[in-house]
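In case you want the letters, here they are:
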Amino acid sequence: MPRVPAVPAPALADRDLEARLTDAMASVVAGARRRALRDGDRQIDTAHLLHSVMETDPEVRAAFDGAPQVARVLGYLVQRSIGYGLRWQGSVEDSGALPLLGQPGWSPAAVTAMEGALARAEARGDVRVGGTDLLAALAADPESRAVMVLDHAGVDARELSERLVGAPPSRQVSQG
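Worth saying up front: this structure is predicted, and the values here are computed from it rather than measured.

1. What about the overall build of the chain?
When helices and strands are counted, the chain shows 9 helices and 0 strands. Along the chain, from the amino end to the carboxyl end, the secondary structure elements read α-α-α-α-α-α-α-α-α. Per-residue burial over the chain gives 48% buried out of 176 residues. For the chain, the proportion of contacts with a sequence separation of at least 24, taken over those separated by at least 6, is 68%. Counting every atom, the chain has about 8500 Å² of accessible surface; 57% of that belongs to carbon and sulfur.

Printed below as a string of structure tokens:
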């Protein structure tokens, strides 16, 4: 059995970022980290984040065009675990949004998405990011793996992002 590279523990900057998440969003990041490790990826990427936030946040699932669309997206994400994403394994997701240095254990595009989600939360006066903040940021990067998955599932990522940006999310309850 091949040795699976470990996803590095969060760096100090990651801990600062993660300290600003609700308990639910911290769980999303932990789930994404477990997925990356299980998939043999060195970094959390935007598809790991998309998969984890869709599984854990009912508000995120409600942002899609009904149950069939949610099922198609989750179907593609599951396929990633069983082969669809093998072409991504061992490579760095870089949509050009950040220099490759970024944060250890995170793809540059995933860092950009988390920063975008945090900025969205701050714009509404909240210091904590919620699931729809992350979904809007993930869908906004046309070169990300999350958008590739959305496209394959028939979701118009740009329309989804614009809709989420245009309609402020329900105010997140700040939990420690």
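2. Some words on the confidence of the model for the chain
When pLDDT is averaged along the chain, the result is 78, and 70% of the positions lie at 70 or above. Confidence drops under a pLDDT of 50 for residues 1-12, and excluding neighbours within four residues, the segment shows 20 contacts in the predicted structure. For the stretch residues 170-176, pLDDT sits under 50, and the model shows 21 contacts to residues farther than four places along the chain or on other chains.

3. Remarks on the packing of helix α3 (residues 46-56) against helix α7 (residues 131-139)
Relative to each other, α3 and α7 sit at 145 degrees, their axes nearing to 10 Å. When the axes of α3 and α7 are compared, the crossing they make is left-handed. Side by side, α3 and α7 meet where Thr46, Leu49, Leu50 and Val53 of the first sit next to Gly131, Leu134, Leu135 and Leu138 of the second. The class makeup of the residues in the contact of α3 with α7 is 6 nonpolar, 2 polar and no charged.

Thresholds applied
- Residues numbered from 1 in each chain as written.
- Predicted model: local features only at pLDDT ≥ 70, side-chain atom pairs only at ≥ 80, totals over all residues.
- Heavy atoms only, no water.
- Helix = DSSP H or I, 4+ residues; strand = E, 2+ residues; numbered from the N terminus.
- Buried < 20%, exposed > 50% of the residue type's maximum accessible area, 1.4 Å probe, protein only.
- Contact = heavy atoms within 4.5 Å.
- Areas by Shrake-Rupley, 256 points an atom, 1.4 Å probe, with all protein chains shown as cover.
- pLDDT = per-residue confidence, 0-100.
- Axes fitted to C-alpha atoms, helices over the stretch in contact; angles between N-to-C directions.
- Left-handed = near helix turned anticlockwise from the far one by under 90°.
- Nonpolar A, V, L, I, M, F, W, Y, C, P; charged D, E, K, R; others polar.

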